[in-house]
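Residues per chain, in single letters:
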Amino acid sequence: VHQLVNYNDADHAHDLCNRRSTSSVLHLLNKVAVDWSANKPPLTSLNSTGAEIKSLHRGCLRTNNHRNHLAQTFHPQIAPTQTPEDNQASIKCVLADRVTDRVRHIDVPITSLHEMHLVCVFRPFHCGTKLMHADINTKPTGGQLLQEHLDSICGRRYLPAPGTQHYQLLDLDLFWQQRDRLLGAPSNPRRFRRSGRSAR
C-alpha cells in the first residue's frame, strides 16, 4: 500500500523585515519524504489562520497532483490523504465552509479546500506542534527535536539494524558521521551508542 501523507505549516509574520510568513509543504509516501517546499507568499497574511489556510491550500493542490500521479502509475489512493494540521481554527474553517469576518479575505481557498474535503482528496486532523514535520522549515527547531524529525522523514526506521551484514555493506557508520558533519552536529561516540549505532 502506498500511503500518502501531507504536512503543511506556516509561521505567521516571522520575517521581521517585511512581516511575511514562511510556508512549508511536506509529502510523505510510506512515511518517507518525497516532496517538500518552503517559500514566502507574495502578500503578508493578516492573521495566523490566514497563513495556515494558504499553506494548507497550497499543500492540498500538490496532494491532488500526487494522487493523480499515483493513480496513473497503478497505485491509487483509496482513502483521503491524511493531512495533520496544528491550527484548529484552520480545520474548523475548512470543515464548516463558513467564512467569518476574520477570514473573509481568503474565502476562495477555504471553499476550494472544503470541496476537496467533500470529494475525499484529503482529511484534516489536529496534531500537536511537536509532531508537525513541516515545522522544521518554518520555525527555529533545533537539537533533539530536529534530529527526530529528520530521522523520521528520511526513512531511518527502514535501514538495517547495526551489526548486521547489510548494515556493514552499506557502511552506515560512515554515512551517519558524514551526515552529522553536514548538519553541524558533533560526532559524539556516546550519542551513537545511545541511538543504537556504534561509533568508529
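Definitions and cut-offs
Residues numbered from 1 in each chain as written. Predicted model: local features only at pLDDT ≥ 70, side-chain atom pairs only at ≥ 80, totals over all residues. Heavy atoms only, no water. Helix = DSSP H or I, 4+ residues; strand = E, 2+ residues; numbered from the N terminus. Buried < 20%, exposed > 50% of the residue type's maximum accessible area, 1.4 Å probe, protein only. Contact = heavy atoms within 4.5 Å. Salt bridge = Lys/Arg side-chain N within 4 Å of Asp/Glu carboxyl O. Axes fitted to C-alpha atoms, helices over the stretch in contact; angles between N-to-C directions. Parallel < 35°, antiparallel > 145°, perpendicular 65-115°, else oblique. Nonpolar A, V, L, I, M, F, W, Y, C, P; charged D, E, K, R; others polar. pLDDT = per-residue confidence, 0-100. Left-handed = near helix turned anticlockwise from the far one by under 90°. Core = buried A, V, L, I, M, F, W, Y, C linked by side-chain atoms within 4.5 Å.

Describing the overall build of the protein chain
When helices and strands are tallied, the protein chain shows 8 helices and 5 strands. Mapped from its N terminus to its C terminus, the protein chain presents α and β elements in the order β-β-β-α-β-α-α-β-α-α-α-α-α. Classification of the 200 residues of the protein chain by burial places 40% in the buried group. Counting contacts in the protein chain only where the partners sit at least 6 residues apart, residues at least 24 apart contribute 63% of the total.

Some points on unusual backbone geometry
Within the chain, Asn 30 stands out as a residue other than glycine whose phi angle is a positive 55 degrees. Relative to the assigned elements, Asn 30 resides in the loop between strand S2 (22–29) and strand S3 (32–39). In this structure Asn 30 comes out as partly exposed when scored by relative accessible area, which is 31%. Positive phi outside glycine occurs at Asp 171, with the angle close to 55 degrees. Along the polypeptide, Asp 171 turns up in the loop between helix H6 (165–170) and helix H7 (172–183).

Remarks on the pattern of salt bridges
Opposite charge on two side chains permits pairing when their charged atoms draw close. For the structure shown, the criterion picks out 1 salt bridge. Across the salt bridge formed by Asp 35 and Arg 62, the nearest N and O atoms sit 2.6 Å from each other. Of this pair, Asp 35 sits in strand S3 while Arg 62 is found in helix H1 (residues 48–72), placing the two residues 27 residues apart along the sequence. Residue classification places Asp 35 among the buried positions, given a relative accessible area of 13%. For Arg 62, a relative accessible area of 27% corresponds to the partly exposed category.

Section: the packing of helix H2 (residues 88–96) against helix H3 (residues 107–118)
Running from amino to carboxyl end, H2 crosses H3 at an angle of 70 degrees, the nearest separation of the two axes being 7 Å. Between H2 and H3, the angle is such that the two are roughly perpendicular. Judged by residue contacts, Cys 93, Val 94, Leu 95 and Ala 96 of H2 engage Ile 110, Leu 113, His 114 and His 117 from H3. The residue inventory of the contact of H2 with H3, partitioned by class, reads 6 nonpolar, 2 polar and no charged.

Some points on the confidence of the model for the protein chain
Averaged over the protein chain, the pLDDT score is 82; the fraction of residues at 70 or greater is 88%. At the low end of the mean pLDDT range in the protein chain sits helix H8 (residues 189–194), at 39; at the high end sits strand S4 (residues 81–85), at 95. Within the model, pLDDT remains below 50 along residues 187–200, and this stretch shows 25 contacts once partners closer than five positions in the same chain are excluded.

Considering the packing of H1 against H2
The packing of two helices is summarised by the inter-axis angle and the distance between the axes. For the pair H1 and H2, interaxial distance at closest approach is 9 Å and the crossing angle is 65 degrees. H1 and H2 meet at a crossing whose hand is right-handed. Mapping the contact onto sequence places Thr 49, Glu 52, Ile 53 and Leu 56 in H1 and Ala 89, Ser 90, Cys 93 and Val 94 in H2. Its residues placed into classes, the contact of H1 with H2 shows 5 nonpolar, 2 polar and 1 charged.

Brief notes about the nonpolar core
Counting residues in hydrophobic clusters, the biggest one holds 12 residues: Ile 53, Leu 56, Cys 60, Cys 93, Val 94, Val 103, Ile 106, Ile 110, Leu 113, Met 116, Val 121 and Phe 122. For this core, the secondary structure elements donating two or more residues are H1, H2 and H3. Contact partners of Ile 110, with chain neighbours within four places excluded, come to Ile 53, Cys 93, Asp 97 and Val 103. Listed in part, the 9 residues of the second largest apolar core include Val 5, Leu 26, Ala 33 and Met 132.

Structural notes on helix H5 (residues 143–153)
Among the residues of H5, Gln 147, His 149, Leu 150, Asp 151 and Ile 153 are the ones counted as buried. Note on H5: the residue one or two positions beyond its end, Gly 155, has a positive phi of about 80 degrees.

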